[in-house]
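Remarks on the overall topology
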Amino acid sequence: MAVARPGRVLRGLSAGLILALAVQFGATPAHAAETGVAIDEIRDVTVLDAIKGGPSVRRAAAAALLSSDQELRAYYETGHDAALEADQRAAAETLASMD
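So, here's what we can say about the structure. Just so you know, these numbers come straight off a predicted model, no measurement behind them. (Residues numbered from 1 in each chain as written. Predicted model: local features only at pLDDT ≥ 70, side-chain atom pairs only at ≥ 80, totals over all residues. Heavy atoms only, no water.)

Let's shift gears to the overall build of the protein. When helices and strands are counted, the protein shows 4 helices and 0 strands. Ordered by position in the sequence, the α and β elements of the protein form the string α-α-α-α. Here the protein, with 99 residues, has 24% of them falling under the buried criterion. For the protein, the share of sequence-separated contacts (at least 6 apart) that also reach a separation of at least 24 residues comes to 51%. Carbon and sulfur atoms make up 61% of the accessible area of the protein, which totals about 6,800 Å². (Helix = DSSP H or I, 4+ residues; strand = E, 2+ residues; numbered from the N terminus. Buried < 20%, exposed > 50% of the residue type's maximum accessible area, 1.4 Å probe, protein only. Contact = heavy atoms within 4.5 Å. Areas by Shrake-Rupley, 256 points an atom, 1.4 Å probe, with all protein chains shown as cover.)

Right, let's get into the pattern of salt bridges. One pass over the full model with this rule turns up 3 salt bridges. The shortest N-O distance in the salt bridge between Arg43 and Asp40 comes to 3.1 Å. A residue pair is termed a helical-turn pair when its members lie 3 or 4 positions apart in one helix, as Arg43 and Asp40 do in helix H2 (residues 39-52) at 3 residues. The exposure class of Arg43 is buried, given its relative accessible area of 8%. A salt bridge links Arg89 to Glu85; the nearest nitrogen and oxygen atoms lie 3.3 Å apart. (Salt bridge = Lys/Arg side-chain N within 4 Å of Asp/Glu carboxyl O.)

This paragraph deals with the nonpolar core. Residues Val37, Ile39, Ile42, Val47, Ala50, Val57, Ala61, Ala64, Leu65, Leu72, Tyr75 and Ala83 constitute the largest nonpolar core, which totals 12 residues. Going through the elements one at a time, H2, helix H3 (55-65) and helix H4 (69-97) are the ones with two or more residues in this core. (Core = buried A, V, L, I, M, F, W, Y, C linked by side-chain atoms within 4.5 Å.)

Let's shift gears to the packing of H3 against H4. Where H3 contacts H4, the two axes come as close as 8 Å, and the packing angle between them is 165°. Of the possible angle classes, the one that applies to H3 and H4 is roughly antiparallel. In this structure, H3 meets H4 at a crossing whose hand is right-handed. Of H4, the residues touching H3 (which contributes Pro55, Ser56, Val57, Ala60, Ala61, Ala64 and Leu65) are Glu71, Leu72, Tyr75, His80, Ala83, Leu84, Ala86 and Asp87. Counted by class, the contact of H3 with H4 contains 11 nonpolar, 2 polar and 2 charged residues. (Axes fitted to C-alpha atoms, helices over the stretch in contact; angles between N-to-C directions. Parallel < 35°, antiparallel > 145°, perpendicular 65-115°, else oblique. Left-handed = near helix turned anticlockwise from the far one by under 90°. Nonpolar A, V, L, I, M, F, W, Y, C, P; charged D, E, K, R; others polar.)

Moving on: the environment of Ala50. Among the structural elements, Ala50 can be located in helix H2. Ala50 sits 10 residues away from Ala60 along the chain, and the two C-alpha atoms are 7.8 Å apart.

Encoded structure:
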């Protein structure tokens with residue numbers, strides 16, 4: 001009998017909550033802005049980031065999904081890159097600390 005690790009269960013529940021919130025708030029009409037990318041497409045990408053990203057990307061994506069469309073677009077345009085850089089920096093520091 002396999003026992004689920006608490007971390008996996010919590011991540012699964014978190015991903016489910018994020019997806020449920022994205023679907024609930026995703027009923028806003030799609031519109032193209034200056035970037036030419038519809039907000040629904042940005043939301044879809046952000047949901048994937050919230051599920052599959054590193055720790056910083058997941059936190060930033062979750063916060064963006066719970067925010068306004070403008071903040072969601074800001075995450076898409078610049079926030080993801082900053083969060084990804086933080087994840088990469090943390091991974092490099094972890095590798096550097098190994099002897």
